Every structure is written in structure tokens, then in C-alpha cells.
Amino acid sequence: MQTNRRRILLAPLACALATALPARAWAQAAPAAKDYPARPVKLIVAAAAGSSPDAMSRQIASALGARWHQPVVIENAVGLGGVIGTERAAKQAPDGYTLLVSTSGAMSVGGSLMRLPYDPVNDFQPLTMMMYMPNLLVVHPSVPAKTLGELIAYGKRNPGKLRYGHPGVGTTPHLSAELLKDMTGLQMEAIPYKSSAQMASDLLAGHYEVLFHNSSVMLPYVQAGSARALGVTSAQRLPALPDVPAVGEAEGLGGFEVTAWWGIYAPAGMSADLAARLTTDIDAVLKQAALVAWIKDQGGSVGGGSQRQLSDYQGAETRKWRELIAKANIRAD
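Here is a short report on the structure shown in this document. (Residues numbered from 1 in each chain as written. Predicted model: local features only at pLDDT ≥ 70, side-chain atom pairs only at ≥ 80, totals over all residues. Heavy atoms only, no water.)

Points about the pairing of strand 5 (residues 163-166)
Piece 1. In terms of strand pairing, strand 5 meets strand 6 (residues 189-192) through 4 bridges, oriented parallel. Opposite H166, over in strand 6, you have P192 as the bridge partner.
Piece 2. Where the polypeptide runs from strand 5 across helix 6 (residues 172-184) and back to strand 6, its parallel neighbour, the crossover connection is right-handed. (Pairing = 2+ DSSP bridges. Helix = DSSP H or I, 4+ residues; strand = E, 2+ residues; numbered from the N terminus. Right-handed = clockwise from strand over helix to strand, strands pointing away.)

The structure is reproduced here in C-alpha cells:
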């Protein structure tokens, strides 16, 4: 009787603590890694439906669902370069039932431009890199430059002649152009767009001259001759465009490299064994030949690797862009 009375008295206290404490404080209640998952898993994707990272996330979700014998449901959460979806994931329990695909902007650039509603390092458990996507440097065919060297020389001979489009401060198209300006002294006027589709359309129509944009978007236009590719921002050339050099191959531009990247994360506080299980399973899916071939056709490359590799890469990117943003006095919109 005394034991039952004690349970009755303690029950309200337990309920109050469960309500008051953050969800991650109750992580010990999560199932062991060997029992995971016992129900559907949600994958928050901080990218628009129909985009390359969304399409790849859906393929990964399908493969993981088959591996786990549980559905993996995509939830697109778009806004502020991935900040909206990333913030949403940060508030979830670290029990493995909410995972996140977040962007380079939300995880390595945003903190240098704005006060983020989360800590990109302390609020997340890195799992593995999902994918990398370089930009193509393209010009309208009317520009009298067949190489990047010729473009730089033309721009310096004709101050005020070159303009570049970008879809927002801190995006990889914007940072690619600003890094090129910083490394060469080239002057180009920035033309911001709210719509990436309108940005690409205006370049193709000749309303401005220069654009760095995702290879997955620009490849068809380059192959059709609607735009001229002068370089790719990855360290290596793209298999789809073997004759287009990497920007870093140009004289004085060694080390130039810009890629949009998307990592897979969980909320911080996850048990080490569950995090290891997730990393192993996702990495195995990323090695599937069909997935590797698909992203290669898009002009990108598959990630994979360890939690430490994603964490280290995120840190290096954060330091790199913080330095450029400060040097170029770049301000958020």
C-alpha cells in the first residue's frame, strides 16, 4: 500500500518534468540501435521539392525504407537558404525518428551573415555527407571570351561591362563570384534575384553577362549552346563536360573551389550507438551504383564517409566563408 501511495504522489511530478524538459533530455527512452526503427522515420529536407537535393533525398529515403522495413517520409521545409528546415529539426528529439538534410548555407555560411536560431555545431549530430554540387561559370554567348583568362582580361579592359546574377547573398552562386573577384581583382556588378529560374532565364536572354549556377541546372543549356561554360567550381573537371576546365586551373586561381553541399544530421544528444548505426546504413545506401550514377549525371558527386569527416568539412567551410565575408564586407539582404 505504501509503495502504491508513493507512485501516486510521484506521478504528477514525473509528468511535469516530461513537459518541462527538452525532448532530447529523454533520449534514454529511445529504442536501442538494434531495435531501430520501430515506426516511420521523418526526413526534413531543407530544399525545395523538385530540386536536386530533394530528388536525391527521396532516393535515399526509398532505399533506407527498404533496408529498415519502415517508411521514410520526406518533409520539405524551405526558406532562408535552409535555415527554416534546419531550425525545425534542431527542436526534435534525438531518437532517430527525425533526421535532417541541411545545406552548406545553413550550416557553414549563415552564421557569418545573420544570428541563427540554432547552433550549427552544438545543436546537431553529424551523420554523413549526402552530396556535393559544383557551379558552372557560364557567360552569355555575346560575351567575347572563350576562356576564363579571356573573361578576366576583358573585364579589366572594360570596367563596368560585366554583371553577374545571384539568387541571394551567401548562396554559392554569389560566393563563387565574390571569391573570383577577390582572387583576381575583377570588378563585376551584382544583380540579385528572388527566383533562380528568373535568374537563369535573364542570363540566357542576355540581360546580364556572367553567372555561376548549379551544374545540374546549367548543363542542358551549355550542351545546347545557349550559354558558354568557362569553368567549373569543383577541384576536378566534370565527366559530363571534360573539355571545360576547373576554375582553379586558371593562372593565379589555384585552390579556387566552391561547392554547394548537403549533409545528413540528427538532433544533438543521440546515443553513440544509434548515430553509428544511422551513419553506417546511410553510407551503405550512398554507395549504391544507381545513386552514384544518377548524381554523376547531374554534375555532382555523392558524399558518404564518417561523422568526423562531415564535421571537419563543415568547420573548414565555415572558416573559409567567414574570412571572405568579412574581407569583402558582405552583408545579408
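Notes on the nonpolar core
Piece 1. Residues M56, I60, L99 and M130 are the most contacted members of the largest nonpolar core, which totals 35 residues.
Piece 2. Elements with a minimum of two residues in this core: strand 1 (41-45), helix 2 (52-68), strand 2 (72-76), strand 3 (98-103), strand 4 (124-139), strand 9 (259-267), helix 9 (272-286) and helix 10 (289-297).
Piece 3. Not counting the four nearest positions on each side in its chain, I60 is found in contact with M130, I264, V285, L286 and L291.
Piece 4. Membership of the second largest hydrophobic core comes to 29 residues, among which are L113, A145, L253 and F256. (Core = buried A, V, L, I, M, F, W, Y, C linked by side-chain atoms within 4.5 Å. Buried < 20%, exposed > 50% of the residue type's maximum accessible area, 1.4 Å probe, protein only. Contact = heavy atoms within 4.5 Å.)

Points about helix 3 (residues 83-90)
Piece 1. What helix 3 keeps buried is the set V83, G85, T86, A89 and A90. Buried residues of helix 3 fall within an arc of 165° about the axis and therefore sit on the same side.
Piece 2. Buried positions along helix 3 lie against strand 1, strand 3, helix 4 (104-109), strand 4 and strand 9. (Arc of directions from axis to C-beta.)

Notes on the pattern of salt bridges
Piece 1. Taken as a whole and judged by the stated rule, the model has 14 salt bridges.
Piece 2. The closest approach of N and O atoms between D283 and K287, which form a salt bridge, is 2.4 Å.
Piece 3. The exposure class of D283 is buried, given its relative accessible area of 17%.
Piece 4. Put simply, K42, E75 and R88 are held in one network by salt bridges that share partners. (Salt bridge = Lys/Arg side-chain N within 4 Å of Asp/Glu carboxyl O.)

Observations concerning helix 8 (residues 215-224)
Piece 1. For helix 8, the set of buried residues is S215, S216, M218, L219 and V222. For helix 8, the angular spread of buried residues about the axis comes to 155°, placing them on one side.
Piece 2. Against the buried residues of helix 8 lie helix 2, strand 4, strand 7 (210-214), strand 8 (228-232) and helix 10.
Piece 3. G225 occupies a position one or two residues after helix 8 and carries a positive phi of about 85°.

What about the layout of surface pockets?
Piece 1. Considering only enclosed or pocket space, the largest pocket measures out at about 1,100 Å³ in volume.
Piece 2. What lines the largest pocket is a set of 39 residues, among which G81, G82, P167, T171 and S196 lie closest to the centre.
Piece 3. Elements represented by at least two residues in the lining of the largest pocket include exactly helix 2, helix 4, helix 6, helix 7 (196-204), strand 7, helix 8 and strand 9.
Piece 4. Of the residues forming the lining of the largest pocket, the biggest block, 4 residues, is contributed by helix 7.
Piece 5. In the lining of the largest pocket, the residues fall into 19 nonpolar, 19 polar and 1 charged. (1 Å grid on protein atoms, 1.4 Å probe; cavity = no way out; pocket = protein on both sides within 12 Å on 5 of 7 lines; lining within 4 Å. Points joined across faces, edges and corners; volume = space filled by probe spheres on them. Nonpolar A, V, L, I, M, F, W, Y, C, P; charged D, E, K, R; others polar.)

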